[in-house]
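Breakdown of the fold
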Amino acid sequence: MKKVMFMAIFAALIAAVFAPGPAGAQEALYNDMVAYVNAIDRQGQSWDLFLLDPWQRLNFIQNFENLYGSYLTHQQIDEFTNILATGNEQAAFLYLRGIIVTEVVPPMSSPDSASNRSADTVIHEVALPSATTRMQAKALEDARKEAEQGGKRFTRMIGGQLRYDWVSTGPNRDGNIPGVTVGMAQDQERFTYGFFIPYDHLNMYEFSADRMGAVLFGQYRIPAEVEGDLSATVYGHYLNLNPNVGSAVNYYGGGAAVSFIRDFDWIVPGAVLGYQYTKDDSDVKWDSQHLFKLAGNVGFRLADNTVFNVFFGWTKDASGDLPAGTDDNYCDLGLEAGYSITEAFGLTAGWRKVLWLDNYESDLLYIGSSFLF
């Protein structure tokens, strides 16, 4: 219990450190431009009437270019003025923002998005974890039986992972994403509950960002007529993405997954179906997501202390109003090797690759550990 309290306090402190920060320099520049335009004395005229006068239009363009010409081309200033001359101030400012404020937030449909990080963490670490070695599987089974019979609980570390992701997704989005996840779980009778703290540093071509949050989960192992482990998992998640340019974005939501794992000793197949809803506070048209994941994993125990896993998953973004041209589904393939040092402690190393996307390439390498207290 002390370990869980310590991790909870640690999570709170980390969350405070990575709370949303102030807008970046580009956001401040955009706000300054908007303030300047709004402060122009038009003598009560609307923009379409004010800019209809050739002298007033020329004067506006020259003054705006003198102030902000180092950030915009002549063509961009002319286009901004043309939109403003239609009387649609909102459209003009949106056009200006699209130029000044670099878009650094990965769309939620992207495999490296905050929502996919939450869903993948739950799928890979709770709902459909990689098969463990015989040594670790026996230790966990014995601990669970003791907990079910005596009404006790026991604690284990899960999801302890260091990862490094090489991504290539087009202009301004090439780079690498190092990250770490730590998690704790408690088992009592047929219930498992706990939390994860995922952290990623997006080190992309023209920007960087820190992403951190928490995932809280609960799982119930359902008694099944056939031999195997049938379980239902529910969870809630919150992540904050804080870029070095632009504004921070908060993601929150929850999901559920149903999985079945059968242990044949030398081979351990399993499958999972999951759904997740995510909402962010970016206030764009597509600021919510309905995500479905279907995945399978097969573990091969090569010895009592060695296991090899093959993972294959399919992800579908079923959200409405996605931006035109969005790839709304993809697959990923994973390979993982595990080795038990003791019955309670094991190490893993793996690789995962994203497939079926035209403008996205990713190779993720990771090492992880598990520990049964």
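In what follows, the accompanying structure is described. (Residues numbered from 1 in each chain as written. Predicted model: local features only at pLDDT ≥ 70, side-chain atom pairs only at ≥ 80, totals over all residues. Heavy atoms only, no water.)

With respect to the nonpolar core
Of all hydrophobic cores here, the largest spans 22 residues; its most connected members are Met33, Trp47, Phe60, Phe64, Phe80, Leu84 and Leu96. Every element with two or more residues in this core is listed here: helix H2 (25-39), helix H3 (47-50), helix H4 (54-68), helix H5 (74-84) and helix H6 (89-100). For this core, the element with the highest residue contribution is H2, accounting for five residues. Other than its neighbours up to four places away in sequence, Phe64 contacts Met33, Tyr36, Val37, Gly69, Leu72, Ile77, Phe80 and Leu96. In this structure, Val167, Leu202, Leu241 and Val354 belong to the second largest nonpolar core, which totals 16 residues. (Core = buried A, V, L, I, M, F, W, Y, C linked by side-chain atoms within 4.5 Å. Buried < 20%, exposed > 50% of the residue type's maximum accessible area, 1.4 Å probe, protein only. Helix = DSSP H or I, 4+ residues; strand = E, 2+ residues; numbered from the N terminus. Contact = heavy atoms within 4.5 Å.)

Focus: the sheet that holds strand S2 (residues 175-188)
The strand order S1-S2-S3-S4-S5-S6-S7-S8-S9-S10-S11-S12 describes a closed barrel built from twelve strands, whose pairing is antiparallel. Sheet twist, expressed as the average angle between the axes of neighbouring strands with direction ignored, equals 20°. Summarising the sheet, S2 and strand S3 (residues 191-204) pair through twelve bridges and their orientation is antiparallel. Its bridge partner lying in S3, Val182 is registered against Ile197. Each of strand S1 (153-168), S2, S3, strand S4 (208-222), strand S5 (229-243), strand S6 (249-261), strand S7 (267-280), strand S8 (288-303), strand S9 (306-317), strand S10 (329-340) and strand S11 (345-355) touches helix H7 (residues 114-127); the most contacted strand, S5, lies at about 150° to it. (Pairing = 2+ DSSP bridges. Axes fitted to C-alpha atoms, helices over the stretch in contact; angles between N-to-C directions.)

Concerning the pairing of strand S12 (residues 361-372)
By the bridge criterion, eleven bridges tie S1 to S12 in an arrangement that is antiparallel. If you follow Arg156 over to S12, its bridge partner there is Leu372. Direction of pairing for S11 relative to S12: antiparallel, over a ladder of nine bridges. If you follow Gly350 over to S12, its bridge partner there is Tyr366. Remark: five residues form the turn of the hairpin made by S11 and S12, two consecutive strands paired antiparallel; Trp356 in that turn has positive phi of roughly 75°.

Remarks on the packing of aromatic side chains
Applying the stated criterion across every chain, the model contains twelve aromatic pairs. Taking the centre distance of 6.2 Å and the plane angle of 40° together, the rings of Tyr36 and Phe64 count as tilted. Of the two residues, Tyr36 sits in helix H2 while Phe64 sits in helix H4, which places them 28 residues apart along the sequence. With a relative accessible area of 0%, Phe64 lands in the buried category. On the basis of an interplanar angle of 85° and a centroid distance of 5.6 Å, the ring pair of Trp47 and Phe50 is categorised as edge-to-face. Pair noted here: Trp47 and Phe50 are both in helix H3, with a separation of three residues, about one helical turn. (Phe/Tyr/Trp six-rings, centres within 6.5 Å; stacked < 30°, edge-to-face > 60°.)

Quick notes on unusual backbone geometry
Despite not being glycine, Gln43 shows a phi value in the positive range, around 55°. Following the sequence through the fold, Gln43 ends up in the loop between H2 and H3. Unlike most non-glycine residues, Asp265 shows phi in positive territory, near 75°. Take Asp265: it is sitting in the loop between S6 and S7.

Some words on the pattern of salt bridges
Under the defined criterion, the tally for this structure stands at 13 salt bridges. A salt bridge links Arg211 to Asp200; the shortest N-O distance between them is 3.2 Å. Of this pair, Arg211 sits in strand S4 while Asp200 sits in strand S3; the two residues are eleven residues apart in sequence, bridging distant segments of the chain. One network of salt bridges, with partners in common, ties together Arg117, Arg163, Asp200 and Arg211. (Salt bridge = Lys/Arg side-chain N within 4 Å of Asp/Glu carboxyl O.)

Considering the packing of H4 against H5
Where H4 meets H5, the axes come as close as 11 Å, and the angle between the chain directions of the two elements is 135°. One finds that H4 runs oblique with respect to H5. Seen along the crossing, H4 lies across H5 with a hand that is right-handed. Within the contact between the two elements, H4 uses Arg57, Phe60, Ile61, Phe64 and Glu65 and H5 uses His74, Ile77, Asp78, Phe80, Thr81, Asn82 and Leu84. (Parallel < 35°, antiparallel > 145°, perpendicular 65-115°, else oblique. Left-handed = near helix turned anticlockwise from the far one by under 90°.)

A word on empty space enclosed by the protein
The tally for this structure, following the rule as stated, stands at five cavities of 30 Å³ or more. In this structure, the largest cavity spans a volume of roughly 180 Å³. Of all elements in the fold, only H7, S10, S11 and S12 reach the threshold of two or more residues within the lining of the largest cavity. Broken down by element, the lining of the largest cavity gets its largest block of residues, three residues, from S11. Here the residues of the lining of the largest cavity are counted per class, giving five nonpolar, one polar and eight charged. In this structure, the second largest cavity is lined by Arg117, Asp120, Thr121, His124, Glu125, Gln161, Arg163, Thr181 and Arg352. Among the elements that line the lining of the second largest cavity, the one with the most residues is H7, at five residues. In terms of residue class, the lining of the second largest cavity is made up of no nonpolar, four polar and five charged. (1 Å grid on protein atoms, 1.4 Å probe; cavity = no way out; pocket = protein on both sides within 12 Å on 5 of 7 lines; lining within 4 Å. Points joined across faces, edges and corners; volume = space filled by probe spheres on them. Nonpolar A, V, L, I, M, F, W, Y, C, P; charged D, E, K, R; others polar.)

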